[in-house]
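Below are the chains, spelled out letter by letter.
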Amino acid sequence: MIPWLHSEQDPLPDARLALPPGSDAPGLLAAGGELTPERLTEAYSKGVFPWYSDGQPVLWWSPDPRMVLMVDEFKLSRSLRKTLKHFTASPLCEVRVDTAFERVITACAATPREGQNGTWIVSEMVDAYLDWHRLGRVHSFETWVDGELVGGLYGVSLGRIFFGESMFSHRTDASKVALAALVCFCREHRVNVIDCQQRTGHLASLGGRELPRTEFERRLALGLGEPKIGDWTYHPAMWRHLAQHDERASAPEDTAK
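Residues numbered from 1 in each chain as written. Predicted model: local features only at pLDDT ≥ 70, side-chain atom pairs only at ≥ 80, totals over all residues. Heavy atoms only, no water.

(A) Here's a closer look at the pattern of salt bridges. A complete count under the given rule lists 14 salt bridges for this structure. Arg-39 is paired through a salt bridge with Glu-42; the nearest N and O atoms lie 2.8 Å apart. On the criterion of helical spacing, the pair formed by Arg-39 and Glu-42 is a turn pair, its members being three residues apart in helix α1 (residues 37-45). The shortest N-O distance in the salt bridge between Glu-42 and Lys-46 comes to 3.1 Å. What makes Lys-46 partly exposed here is its relative accessible area of 35%. Because the salt bridges share partners, they merge into one network encompassing Arg-39, Glu-42 and Lys-46. (Salt bridge = Lys/Arg side-chain N within 4 Å of Asp/Glu carboxyl O. Helix = DSSP H or I, 4+ residues; strand = E, 2+ residues; numbered from the N terminus. Buried < 20%, exposed > 50% of the residue type's maximum accessible area, 1.4 Å probe, protein only.)

Listed below in structure tokens is the structure:
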């Protein structure tokens, strides 16, 4: 049995008490409670996140292993590299941050997902993350083309760690452009880890990999110990981090003895 949170005074259990792999619901930690900013801050600081459907109570999860994208391991496919080259060269294309958060989270909720019926971004969750966004904890990275919002993603920021939540795309690669911009932004601000919660083939193709919960919690503690990011402006000059990363990756190893 998992514990039930009856009030805001009930703390979340230790993540090690989550249901183990091989159980009916691996990673499920607790149920109940409300999606207040205080509860959400507590949860994410412990590596716990809410995930549930309409008609269910709030369910709290801490999967083991944990899917992450190490910022320095982001993979650019040939097609995405070509897309970004055209995108960054066009005066009609830009990445914005936090200019249309409600539209982004609403579009994410409405986007069909392979293998899922309905959405886990229920109306209660939309309202809660809108409130948290107004407090400066949740942010959207938005892909704009000729004044039209064509893709984006949103996630939570605590200290120097970013917790990716969801993305959407109304044009080919539009969500990947937003993710590439997030990676550049993270490199600019010394954020090393983007939490992806659970494994998908799509994330793995972009460089995501799984970490044991203990290792994720170690990296989480390091990120939480750093000061929060103060400026959430995306400057086009940040695209340079993709080129710089490519140069480091292609540099020959020093074989001198």
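(B) View of the pairing of strand β6 (residues 93-97). Alternating residues of β6 divide into Cys-93, Val-95 and Val-97, all buried, and Glu-94 and Arg-96, none buried. Relative to strand β7 (residues 138-145), β6 runs antiparallel, the two sharing five bridges. Within the sheet, the bridge partner assigned to Cys-93 lies in β7 and is Val-145. (Pairing = 2+ DSSP bridges.)

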